[in-house]
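Okay, here's what each chain looks like letter by letter:
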Amino acid sequence: MANCPNCGKKLPWWYFKAECSKCGVSIPNFNWIERLEEDNINAEKSFEVFYKTINRIKYSLFGTKLRIARLILTFLPAAAFFLPWASVKSSSNSFELALFSFSGGKSVIDVISQLFGNSSLLLDNMKFENYSGPVTFITVSAIFFFLSVLFIVFAFFLNIIKCAKPKTKSTVVFDIIAIACSVVSVILFSSATSLGTDFTAFSVGDISVIQTSGGFAWGYIPALILFLAATGINIAVAVAPAKSDEMLEAERLTKQETKEAKEKENELKKQRAREEAAKAYEEEQKNIIAEAKKKVAEKKAKEDAKAKKHS
């Protein structure tokens, strides 16, 4: 159900004529000038919102040297997850608390694969040790490891999601949560080694472990340093002065004007170059024609002189 924009008559949903049955006005063309102006105003508002968002995202990611440093230090901790934080070694299968094991052992991904692909057997293993043995600690440690990854990644995307609030401390909060999860993960995984000594053998799903050793590994030290560095730079950005939307828009317009002026200058240079090339070509053609006329005149003079001599 719709109404005529002129007289207000209610029109049924099946009414497809362009003119109102009561006043005869053309519904699609009614007040089209005002509607066009309104569309232009709405389009301008949409562009303002768009430019404001783009300005904020650019400024949030690399608007200042401090924010560029934050962008770098936000990506660096990703390398920390490939370092071994702790290990559980055995005479059969070994585990490393890392995304991938470069020593040929099992990684956190293998534990999570057992959790999702072989959950019934894994839960039976955990139940057998009364949920307080090495299998439980390794599994829970792997979960906290991936939570740490998740929170670190989410902290980065918050720089874009919360770009409207350049002094937000939400990234700091998620960095701290990620560090806390990593600490819990390392403690649990390291404790699994000492708990494993109470068992001759145990299985993480269908991965058997016999006569365990290991514990805390060197990789967590640089990982923790990277996490703390990322947290520190986020704190520095949160307390640093930030530009307003008006300042960012003024800078964008200034850059756009400078770019347009440079493009116009380049176009003028190209046009002058074309004009000079055309003049040079025209002058060259004149010289060619003049030279040709000169040769023709010289040839004719020679012929006339020869004819005069013979006569």
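Everything below is about the structure printed above this text.
The shown structure was predicted, so the numbers you read here are calculated from the model rather than taken from an experiment. (Residues numbered from 1 in each chain as written. Predicted model: local features only at pLDDT ≥ 70, side-chain atom pairs only at ≥ 80, totals over all residues. Heavy atoms only, no water.)

In this structure the tally under the stated criterion is 15 aromatic pairs. Through a chain of ring-to-ring contacts, three or more aromatic side chains come together here, namely Phe 81, Trp 85, Phe 145, Phe 146, Phe 216, Tyr 220 and Phe 227. (Phe/Tyr/Trp six-rings, centres within 6.5 Å; stacked < 30°, edge-to-face > 60°.)

Turning our attention to the packing of helix H4 (residues 108-117) against helix H6 (residues 134-161). At a minimum axis distance of 9 Å, the contact between H4 and H6 shows a crossing angle of 110°. Compared by their axis directions, H4 and H6 come out roughly perpendicular. The chirality of how H4 crosses H6 is left-handed. The residues of H6 that touch H4, namely those facing Val 108, Ile 109, Val 111, Ile 112 and Leu 115, are Ile 138, Thr 139, Ala 142, Ile 143, Phe 145 and Phe 146. Residue composition of the contact of H4 with H6, grouped by class: 10 nonpolar, 1 polar and no charged. (Axes fitted to C-alpha atoms, helices over the stretch in contact; angles between N-to-C directions. Helix = DSSP H or I, 4+ residues; strand = E, 2+ residues; numbered from the N terminus. Parallel < 35°, antiparallel > 145°, perpendicular 65-115°, else oblique. Left-handed = near helix turned anticlockwise from the far one by under 90°. Contact = heavy atoms within 4.5 Å. Nonpolar A, V, L, I, M, F, W, Y, C, P; charged D, E, K, R; others polar.)

Another point: the pattern of salt bridges. For side chains bearing opposite charge, pairing can occur when the charged atoms are close. According to the stated counting rule, one finds 7 salt bridges in the structure shown. Taking the shortest distance from any N to any O, the salt bridge between Asp 245 and Lys 52 comes out at 3.4 Å. Here Asp 245 is found in helix H9 (residues 245-310), whereas its partner Lys 52 is found in helix H1 (residues 32-62), with 193 residues between them in sequence. Lys 52 gets classed as partly exposed once you look at its relative accessible area, which sits at 45%. (Salt bridge = Lys/Arg side-chain N within 4 Å of Asp/Glu carboxyl O. Buried < 20%, exposed > 50% of the residue type's maximum accessible area, 1.4 Å probe, protein only.)

A positive phi angle is found at Asn 130, which is not glycine, with a value near 60°. Assignment of secondary structure puts Asn 130 in the loop between helix H5 (119-128) and H6. Among the residues examined, Asn 130 registers a relative accessible area of 59% and is labelled exposed. Despite not being glycine, Tyr 131 has its phi angle at roughly 55°, a positive value. By the secondary structure assignment, Tyr 131 is in the loop between H5 and H6. Residue Tyr 131 is classed as partly exposed on the basis of its relative accessible area, which comes to 45%.

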